[in-house]
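The chain contents come next:
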Amino acid sequence: MNLKEKIKSFTAEAVEKVYGEKLDFIPLLYPDQKSFGDYATSSAMVLAKKLKKNPKEIAAALAQELGKREEFEKVEVAGAGFVNFFLGNEFINSELLNVLENVDYGKNDSLKGRKILLEFVSANPTGPLHIGHGRWAAIGDTLARMLRFCGADVSTEFYINDAGNQINLLLQSVAAVKEGKEVPENGYHGAYIQELAAKEGDPVELLLETQKKTLLSFGVDFDRYFSEKELHQGGKVKDTLEFLKKSGYGYEKEGAFWFKSTEFGDDKDRVLVKSDGEMTYFAVDIAYHRNKISRNFNELITVLGADHHGYVKRMEAAVKVLCREVDKNINLSMVIGQLVNLFRDGEPVRMSKRTGDMISLDEVIEEIGVDAGRYFLVMRKADTPLDFDMGLAKKKSDENPVFYVQYAHARISGILRNYSGEIKKNLLEIVDSPESRDLAVELVKFPEAVEEAAASLEPHRIPIYLENLANLFHRFYHQNRVISEDREATEKRILLIQAARNIIRKGLFLIGVDSPEKM
RNA sequence: GCGCCUGUAGCUCAGCUGGAUAGAGCAACAGCCUUCUAAGCUGUGGGCCACAGGUUCGAUUCCUGUCAGGCGCACCA
């Protein structure tokens, strides 16, 4: 159990002990002022209504009870009825020793038993990946790392749309170039089509290999690349349509076969088989999800570009129907990633889909590097559009947050290189100044920061945590000389910055960014 | 017209299932390197949290409406 959860349960116990009441939710927050402690709860205000008592009185009684816990130096009542918790140095110190001894501090089993299929990117193999795919890749891969860190069993998957209309258009476009003819109006026109035409082999395979290579160079690999073609070949799509028919959620109308998604809140029913006998993409995707479910996952997560969000409702509907077949309740979560606007030093970078002259993810990685790329693409909440300035990402200055965090790591590494000596760690009280305390408390909050980020599927919280941590380290560094004549102080500070380095490394690892020893 | 997302400092954004005087970075201004990396630190200025109602002891947070922007609304993928 992480510290936050622990304090919540302490509070719940105190409430029960003093008032015999059970609260279904304990609000626990980080106060915005230092004088209000490290954590605070407003439970007394919630209880006040229920018990028809003065919130301050309740808070006082709770504080009295909670003050007995050895984790706290003091527990105070403040304001209209807040209970403020101040962590004790002894407790902080003992937690720091855990950080030092356990390289995987923060690793937990809060999501143990959850078998998750995480699908992301899933680009059509009809062209090179662009910056948007980069965002889904960075978000998806970070999610996978976070969820695993919290004990979930995660399989990552890239669904290859290697069948259907778009593929035909691609093949026609390449063939046209080969024969020296005009590319069809609705075909693909990018420069890469020319390159493909000059090469031997299946254009789809070639493009897929290029995409895989791009992703690998971005530090993103998948447990499985799932081919749409295989679904068709195995007759799985037809089976699925059969099932839908039997389930009562499929019906024939005007020569087409429809899915009754309106039963589940969709705007209209959706066509699965067109009147010309062709299956829609949606039909095939239902078959894919049926396959996912048959593989015994108990949770499905899909990272989806905002340009496909119209698709959410119908897929949720489909999964509900599919669940009935196996008599299980499988949750489908969609993480919608808003689009990326690319800039170069404030000027928008033109992206023309029609001519295919889009700047590719490869070019972006080449220009700004993997670290800055991944960092920038996960640092914003997925549901806000991202303004990505390549000029800024390249800058090695304080405008650039990724360097700020990495620099903290490099600085610590530099100090540690300068120090050689034994440390008797169990004898020491590490926290010995306001700055060291602030830094230490932040380190101890790492587990709950990761757990909350994972539980809410919000990878952007990791960079935010790291920037805050790096800031606290830099402040500590300026106020407290680490290596000095004072041997005891030196040892304490070495331990503290070692702990900080462990956490920064782990945090950067979770977003797939390197931790340089030197910069 | 309908649906989803967004609207917080000059700019880019945080704000944890409703809580205390709304935060950070950048930009601006003023300081700090004979000391472990100045890619850093300290300080100052800067806000009707888009707007209007509602629920509540308490709303940036929840509900309704309005306005603005993004993205979707096919027997395309």
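In every chain, residue numbers begin from 1 and rise along the written sequence. Chain letters start at A and ligand numbers start at 1, both assigned in the order the entries are written. Totals for whole chains, interfaces and linings use all residues, but because this is a predicted model, local features are given only for residues with pLDDT of at least 70 and pairs of side-chain atoms are given and counted only at 80 or more. The basis for the side-chain values is all heavy atoms of the structure; hydrogens and waters are excluded.

> Explain the pattern of salt bridges to me, please; I cannot follow it from the model alone.
Two side chains bearing opposite charge may form a pair once their charged atoms approach each other closely. Any Lys or Arg side-chain nitrogen found within 4 Å of a carboxyl oxygen on Asp or Glu counts as a salt bridge. A full pass over the atoms with the stated rule returns 32 salt bridges. Among the salt bridges present, the one from K492 reaches E488, with a minimum N-O distance of 3.9 Å. One end of the pair, K492, and the other, E488, are both in helix α20 (residues 487-510), four residues apart, so they sit about a helical turn from each other. The rule is simple: take the accessible area with a 1.4 Å probe, protein chains only, and divide by the maximum for that residue type; under 20% is buried, over 50% is exposed, in between is partly exposed. The exposure class assigned to E488 is partly exposed, which follows from its relative accessible area of 48%. Between R505 and E517 there is a salt bridge, with the nearest N and O atoms lying 3.1 Å from each other. A residue pair is termed long-range when its members are at least 10 positions apart, and R505 in helix α20 and E517 in the segment after α20 qualify at 12 residues. Several salt bridges share partner residues, and in doing so they unite K4, E452, E458 and R461 into one network. To qualify as a helix, a DSSP run of H or I must reach at least 4 residues; to qualify as a strand, a run of E must reach at least 2; elements of each kind are numbered from the N terminus.

> Sorry if this is basic, but what is going on with the protein's contact with RNA strand B here?
Note on terminology: near, applied to a residue and a molecule or strand, indicates that one of the residue's heavy atoms is within 4 Å of it. What surrounds RNA strand B is a group of 66 residues, the closest being F25, F82, K274, Y407 and R411. Counting only the atoms of RNA strand B that lie within 4 Å of the protein, the sugar and phosphate share comes to 59%. Polar contact is defined as a pair of N or O atoms within 3.5 Å, subject to the rule that within protein one atom must be able to donate a hydrogen and the other to accept it, and that residues adjacent in sequence are counted only when both atoms are side-chain atoms. Side-chain polar atom of K268 to a sugar or linking oxygen of RNA strand B: 3.5 Å apart, as the coordinates give it. Here a phosphate oxygen of RNA strand B and a side-chain polar atom of R475 are 3.1 Å apart. Those elements that place two or more of their residues in the surface near RNA strand B are α2 (43-51), β4 (82-87), β9 (256-259), α16 (401-418) and α19 (461-479). Sort the elements by how many residues they give to the surface near RNA strand B and α16 lands first, with eight residues. Basically, the charged four are Asp, Glu, Lys and Arg, the nonpolar ten are Ala, Val, Leu, Ile, Met, Phe, Trp, Tyr, Cys and Pro, and anything else, Gly included, counts as polar. Considering only residue class, the surface near RNA strand B consists of 27 nonpolar, 19 polar and 20 charged.

> Please explain the sheet that holds strand β1 (residues 28-29) as it appears in this structure.
Whenever strands of a sheet pair, they do so through backbone hydrogen bonds, lying parallel or antiparallel. Between any two strands, at least two bridges found by DSSP are needed for them to pair. Judged by pairing direction, the sheet is antiparallel, and its four strands sit side by side in the order β1-β2-β4-β3 without closing on themselves. A strand with exactly one partner marks an edge of an open sheet, and here the two such strands are β1 and β3 (72-78). Contacts are assigned to residue pairs with any non-hydrogen atoms lying within 4.5 Å of each other. Throughout, an axis means a line fitted to C-alpha atoms (over the contacting stretch in the case of helices), and angles, computed between N-to-C directions, take values from 0 to 180 degrees. Running at roughly 35 degrees to strand β2 (residues 39-41), helix α1 (residues 3-19) makes contact with β1, β2, β3 and β4 of the sheet.

> Is there a simple way to explain unusual backbone geometry in this structure?
Where the residue is not glycine, phi is negative for most of them; where a peptide bond is considered, it is trans in most cases. Positive phi outside glycine occurs at N296, with the angle close to 65 degrees. If you trace the backbone, N296 turns up in the loop between α11 (281-294) and β11 (299-305). Look at L457: it is not a glycine, yet its phi comes out positive at around 55 degrees.

> So what exactly am I meant to see when it comes to the pairing of β9 here?
Both faces of the sheet carry side chains from a regular strand, because those side chains alternate between them. What you see with β9 is no split at all: A256 and W258 on one side and F257 and F259 on the other are buried throughout. Across four bridges, strand β8 (residues 250-253) lies against β9 in antiparallel orientation. Within β9, the position partnered with G250 by the bridge is F259. As judged from the three bridges shared by β9 and strand β10 (residues 270-273), these two strands associate in the antiparallel manner. Counterpart to F259 in the pairing with β10 is R270.

> Is there a simple way to think about helix α8 (residues 203-217) in this case?
Residues separated by three or four positions in an α-helix point in the same direction, a consequence of the helix having 3.6 residues per turn. For α8, with 15 residues, the first-to-last C-alpha span of 21 Å sits near the 21 Å given by 1.5 Å per residue. Here α8 has its buried residues at P203, V204, L207, L208, Q211, T214 and L215. Within α8, the buried residues cover an arc of 130 degrees as seen down the axis, which keeps them to one side. Contact partners of the buried residues in α8: α5 (131-149), β6 (153-160), α6 (165-178), α7 (191-197), β7 (224-227) and α13 (361-368). Structurally, the start of α8 carries an N-cap: the backbone nitrogen of V204 is 3.0 Å from a side-chain oxygen of D202. In the segment just after α8, G219 is the residue with positive phi, at about 80 degrees. Here, expected helix span is obtained from the residue count minus one, scaled by 1.5 Å. As used here, the arc is the angular range of directions from the helix axis to the C-beta atoms.

> Please clarify how the sheet that holds β6 should be interpreted in this entry.
Strand order in the open sheet formed by five strands is β7-β6-β5-β11-β12, with parallel pairing between adjacent strands. The sheet is open, and its two edges are formed by β7 and β12 (331-337), each paired on a single side. The sheet shows a mean angle of 25 degrees between the axes of neighbouring strands, direction not considered. Judged from the five bridges that link them, strand β5 (residues 115-119) and β6 form a sheet pairing that is parallel. Across the sheet, residue I116 finds its bridge partner in β6, namely V154.

> What's the story with the packing of aromatic side chains in this structure? I'm lost.
When we look at a pair of aromatic rings, we describe it by the centre distance and by the angle of the planes. Two rings belonging to Phe, Tyr or Trp (six-membered ring only in the last case) form a pair when the distance between their centres is within 6.5 Å. Interplanar angles under 30 degrees mark stacking, angles over 60 mark edge-to-face geometry, and anything in between is tilted. Summed over all chains, the structure comprises 19 aromatic pairs. Ring centres 6.3 Å apart and planes at 90 degrees place the aromatic pair F10 and F72 in the edge-to-face group. Note that F10 is positioned in helix α1 and F72 in strand β3, a separation of 62 residues in sequence. When its relative accessible area of 9% is taken as the criterion, F10 is described as buried. Judged by its relative accessible area of 7%, F72 is buried.

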